[in-house]
Amino acid sequence: MEGSYTDKTRVLDIKPLRTLKPVFPSGNQAPPFVCAPPFGPFPPGFTPFYPFSSSQHTPDLNQSQHQPSLVTPLRTFRSPPDNTATNGDAVEPPEGSTVKRKIPRKRTPIAQNPNFSSGISAAEKENGDRKLVMSVLTRFDALRRRLSQLEDAKESVTGIIKRPDLKAGSTCMSRGVRTNTKKRTGPVPGLEIGDVFFFRFEMCLIGLHSPSMAGIDYLVLKGGGEGEEEPIATSIVSSGYYDNDEGNPDVLVYTGQGGNADKDKQSSDQKLERGNLALEKSLQKNSPVRVIRGLKEASQSAKIYVYDGLYDVKESWVEKGKSGHNTFKYKLVRAPGQAPAFASWTEIQKWKKGLPSREGMILTDLTSGVESIGVSLVNEVDGENGPAYFTYSATVTSFKLTQQPSYGCECGGACKPGNLNCHCIRKNGGDFPYSGNGVLVSRKGMVHECSPACLCPGCKNKVTQMGVKLKLEVFKTVNRGWGLRSWDPIRAGSFICIYAGEAIDKSQMQPAMANDDYTFDTTRVYTPFKWNYEPGLADEDGSEEMSEEPELPLPLVISAKNVGNVARFMNHSCSPNVFWQPVSYENNGQLFLNVAFFAISHIPPMTELTYDYGVTRTSGAQSLCGKKKCFCGSEFCRGSFG
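Quantities reported herein were computed from a predicted structural model and do not represent experimental measurements. (Residues numbered from 1 in each chain as written. Predicted model: local features only at pLDDT ≥ 70, side-chain atom pairs only at ≥ 80, totals over all residues. Heavy atoms only, no water.)

Enquirer: Please set out the overall build of the protein residue by residue, giving values where relevant.
Expert: Summing up its helical and strand segments, the protein has 8 helices and 26 strands in all. Per-residue burial for the protein yields a buried fraction of 47% across its 642 residues. In the protein, the share of contacts with a sequence separation of at least 24, taken over all contacts with a separation of at least 6, comes to 68%. (Helix = DSSP H or I, 4+ residues; strand = E, 2+ residues; numbered from the N terminus. Buried < 20%, exposed > 50% of the residue type's maximum accessible area, 1.4 Å probe, protein only. Contact = heavy atoms within 4.5 Å.)

If you want it as structure tokens, here you go:
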């Protein structure tokens, strides 16, 4: 076509760029060639050009100072991983699916606090103990609750749901709040059979199971041949999607990983590699494997994990999955002589269904219907038929403080986190005291709840007024009378009950009542402990850290000897798993004050619930010493209480 013709016969004299010589202007055309620093000084007659010009010589482009562009490296443009949710958070795949190693979606980095120190030495990070394991879990969950509190406030405005557990776990990992980083087979220092976890990241931080998603964790060892390496399994997480126990809680048939087996999409045969090969090697070498069971409790909104101890891999085989492709199967049998864990869970599920009935059951509900969930009375120790008679009540009687006319909040629906127009939220310092699932975020001097005077039906800021929500059991102990425990697992920060009874004026209290086993006294000296989140770990100003010490308007003493609830059966411990928190609400110009109990840490089912009774403050005494001998059996027992 005319106009597009090119004469290809014409030869152009084109030379490579490296062969060209620089051409300088002659002396009468411009100043001689000089070498000067980028920002001057410059010889006469020479005009600097951008970007080496000074501010006064910079050309004015579009009436703004021109800045060099910041080029994003090509390696940052990557496809998002397949296993991410719409909000960018990782989704845990079930066993039997392949976890692809892709770069996770880039998150906004957390501003590092240069002054933050984990307080954990290099040796402690490699090998922990029980105290350190519990400390790491407490610090993680405290940060998670704080991040959840902040995200709840954002969610009410933006509707975006985040995963504070992933953010808290990543922060703890990067800042050294972890232990047992040394990978190993067999038991992990500081871990106890029956420990429960509500988040996979908790297991990563304490060295129980390193992968936050994969179901099989393994250790690579040197093999028999020269330079050869082979994997050996250290732990597995059984989610229950494809696994079965053949009706025996001590037997687990575990499905291998990979191939997207048993999924309603394109799938392939599983391969004998990575985790699957590691389990095969554990079978050949008789190496025990830690097993974590995943459970879905009706009383909980999320899956719960229980450490069930060591298992031996007894058999392995290949069978066709639902998709028609080959899947690996492994039969694991629990090592004998270990404390029951998963077996206790399965037994409790049978109790709840009434098949069989609880052994040693005296009463199915000692509250006679006062509590919405019945409280069992059980004795498996001796022939005693129950505690001395008392009247069951779920409230504190004869205790009301008259004050100025109160004004409840005017929230039309439930009070929303972050709404500073809410009167009750402002009284709590601007923060909602509970997370979305009713978990207490932080200990504080006083928690202010909404009341019947508030216009917020179904509000989540009435946690302690809703009564007991756990399946509790009063049981006979061996050497401490009657005690209290729960059939349900309890998450850290969860409300358990209030201390109900008769309020007594401290100044008029009789000496005999001071020695009463059923008296709660807020004026006693309690062992301090740290439970709230660390501002430095959350990148917040540490100068604004709130006090965890109770702040009551006046001394409060409650006697539950004649009138009380389940709290009267909670025993003392020098290493308690429950703490008390003052909670108040207003109604009709009166202030109602309660002592509420919350879980310090995650509490497995059938674990006795205990709190610190404190020590009576004696005038003139040089040291604090309780009036009663302690039988808690704790490693840190101080010998007395009361």
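Enquirer: Please provide a residue-by-residue account of the nonpolar core, values included.
Expert: Counting 41 residues, the largest nonpolar core has Tyr499, Met570, Phe597 and Leu609 as the members making the most contacts within it. When contributions to this core are tallied by element, the ones reaching two or more residues are strand E14 (472-476), strand E15 (482-486), strand E16 (495-498), strand E22 (578-587) and strand E23 (590-599). Among the elements that make up this core, the one with the highest residue count is E23 (4 residues). Cys172, Val188, Cys204 and Leu537 belong to the second-largest nonpolar core, a separate cluster that totals 40 residues. (Core = buried A, V, L, I, M, F, W, Y, C linked by side-chain atoms within 4.5 Å.)

Enquirer: Describe unusual backbone geometry, and please don't skip the residues or the numbers.
Expert: Unusually for a residue other than glycine, serine 368 sits at a positive phi of about 55°. Positionally, serine 368 belongs in the loop between strand E8 (361-363) and strand E9 (376-378).

Enquirer: Can you break down the pattern of salt bridges residue by residue, with the values?
Expert: Per the stated rule, a full pass over the model turns up 28 salt bridges. A salt bridge links glutamate 192 to arginine 130; the nearest nitrogen and oxygen atoms lie 3.6 Å apart. Here the residue glutamate 192 occupies a position in the loop between helix H3 (164-174) and strand E1 (196-197), and arginine 130 occupies one in helix H2 (residues 130-158), the gap between them amounting to 62 residues. Here glutamate 192 falls in the partly exposed class, since its relative accessible area comes to 42%. A salt bridge links glutamate 230 to lysine 281; the shortest N-O distance between them is 3.5 Å. In this pair, glutamate 230 is assigned in strand E3 (residues 229-238) and lysine 281 in helix H5 (residues 274-285), connecting sequence segments 51 residues apart. (Salt bridge = Lys/Arg side-chain N within 4 Å of Asp/Glu carboxyl O.)

Enquirer: Which residues make up the sheet that holds E14, and what values go with them?
Expert: Judged by pairing direction, the sheet is mixed, and its 4 strands sit side by side in the order E8-E9-E14-E15 without closing on themselves. Each edge of the sheet is formed by a strand with only one pairing partner; in this case those strands are E8 and E15. With strand direction ignored, the average angle separating the axes of adjacent strands in the sheet is 35°. Of the strand pairs in this sheet, E14 and E15 are connected by 5 bridges, and their pairing is antiparallel. Across the sheet, the residue bridging to glutamate 473 is arginine 485, located in E15. (Pairing = 2+ DSSP bridges. Axes fitted to C-alpha atoms, helices over the stretch in contact; angles between N-to-C directions.)

Enquirer: Kindly report on the pairing of E23, identifying the contributing residues and their values.
Expert: With 9 of 10 residues buried, E23 is to be regarded as a mostly interior element. Two strands pair when backbone bridges link them, and E16 and E23 are joined in this way by 3 bridges, in the antiparallel orientation. Residue pairing across strands places phenylalanine 495 opposite phenylalanine 598, the latter belonging to E23. As paired elements, E22 and E23 share 10 bridges and run antiparallel to each other. From the neighbouring strand, valine 578 faces E23, where its bridge partner is alanine 599. In textbook terms, the turn of a hairpin is the stretch between consecutive antiparallel strands, and for E22 and E23 this stretch comprises 2 residues, one of which, asparagine 588, has a positive phi near 55°.

Enquirer: Give me the lowdown on the confidence of the model for the protein, citing residues and values where you can.
Expert: Summary statistics for the protein give a mean pLDDT of 81 and a share of 74% for residues scoring 70 or more. For residues 54-111, every residue scores under 50 in pLDDT, and the model assigns this stretch 85 contacts once sequence neighbours within four places are set aside. (pLDDT = per-residue confidence, 0-100.)

Enquirer: So what's going on with the sheet that holds strand E18 (residues 519-521)? Residues and values would help.
Expert: Across the sheet, which stays open at both edges, the 4 strands sit in the order E11-E17-E19-E18 with mixed pairing between neighbours. Edge positions in the sheet fall to strand E11 (396-397) and E18, since each of these pairs with one other strand and no more. Here E18 runs beside strand E19 (residues 557-559); their pairing, made up of 3 bridges, is antiparallel. If you follow threonine 519 over to E19, its bridge partner there is serine 559.

Enquirer: With reference to specific residues and values, describe H3.
Expert: Owing to its 3.6 residues per turn, the α-helix aligns residues three or four sequence positions apart on the same side. Looking only at H3, the buried set comprises Pro164, Asp165, Leu166, Ala168, Gly169, Thr171 and Cys172. The positive-phi residue at the C-terminal boundary of H3 is glycine 176, with phi of around 80°.

Enquirer: Could you give an account of helix H6 (residues 342-353), with specific residues and numbers?
Expert: Taking 1.5 Å of rise per residue, 12 residues should cover 16 Å, and H6 covers 17 Å from first to last C-alpha, within 8% of that figure. For H6, the secondary structure elements touched by its buried residues are E1, strand E5 (289-296) and strand E6 (303-320). In the stretch just after H6, glycine 354 is the one whose phi turns positive, near 85°. (Expected span 1.5 Å × (residues − 1).)

Enquirer: With reference to specific residues and values, describe the side chain of lysine 471.
Expert: For lysine 471, the position within the fold is in the loop between strand E13 (447-448) and E14. One buried charged side chain, lysine 471, makes no salt bridge at all; its nearest oppositely charged neighbour is aspartate 365, positioned 6.8 Å away. Here the side chain of lysine 471 touches serine 376 through a polar contact of 3.2 Å, side chain to side chain. In this structure lysine 471 touches Thr364, Ile373, Gly374, Ser376, Arg485, Ser486, Trp487 and Asp488, once residues within four positions along its chain are discounted. (Lys, Arg positive; Asp, Glu negative; His and termini not counted. Polar contact = N/O pair within 3.5 Å; in protein donor to acceptor, adjacent residues only side chain to side chain.)

Enquirer: Can you tell me about the state of the cysteines, naming the residues and giving the values?
Expert: In total, this model carries 0 disulfides according to the counting rule given. Sulfur of cysteine 411: no disulfide; nearest cysteine sulfur belongs to cysteine 422 and is 3.7 Å away. For cysteine 411, a relative accessible area of 10% corresponds to the buried category. (Disulfide = S-S within 2.5 Å.)

Enquirer: How would you summarise the environment of serine 135 if you had to cite specific residues and measurements?
Expert: Here serine 135 is to be found in helix H2. According to the relative accessible area criterion, serine 135 is partly exposed, its value standing at 29%. For the pair serine 135 and tryptophan 531, spaced 396 residues apart in sequence, the C-alpha to C-alpha distance is 9.4 Å.

Enquirer: Can you tell me about the packing of aromatic side chains, naming the residues and giving the values?
Expert: For the structure on display, the rule yields 20 aromatic pairs. Ring centres of tyrosine 499 and phenylalanine 520 lie 5.4 Å apart, and the angle between their planes is 40°; this geometry places the pair in the tilted category. Of this pair, tyrosine 499 sits in the loop between E16 and strand E17 (501-504) while phenylalanine 520 sits in strand E18; the two residues are 21 residues apart in sequence, bridging distant segments of the chain. The same class applies to tyrosine 499 and to phenylalanine 520, which are both buried. Linked through ring pairs, Tyr499, Phe520, Tyr526, Trp580, Phe597, Tyr611, Tyr613 and Phe641 together constitute an aromatic cluster. In this arrangement the basic side chain of arginine 145 is found over the ring face of tryptophan 531, its NZ or CZ atom lying 3.7 Å from the centre. Positioned over the ring face of tryptophan 487 is lysine 471, at 4.9 Å from the centre of the ring. (Phe/Tyr/Trp six-rings, centres within 6.5 Å; stacked < 30°, edge-to-face > 60°. Lys NZ or Arg CZ within 6 Å of the ring centre and 35° of its normal.)

Enquirer: Account for the side chain of arginine 568, naming residues and giving values.
Expert: Note on placement: arginine 568 falls in the loop between strand E20 (563-564) and strand E21 (571-572). What makes arginine 568 buried here is its relative accessible area of 6%. In this structure the side chain of arginine 568 is engaged in a polar contact, spanning 3.2 Å, whose partner is the backbone oxygen of lysine 561. Each residue touching arginine 568, except ones within four places of it in the same chain, is listed here: Phe390, Tyr499, Tyr518, Ala560 and Lys561.

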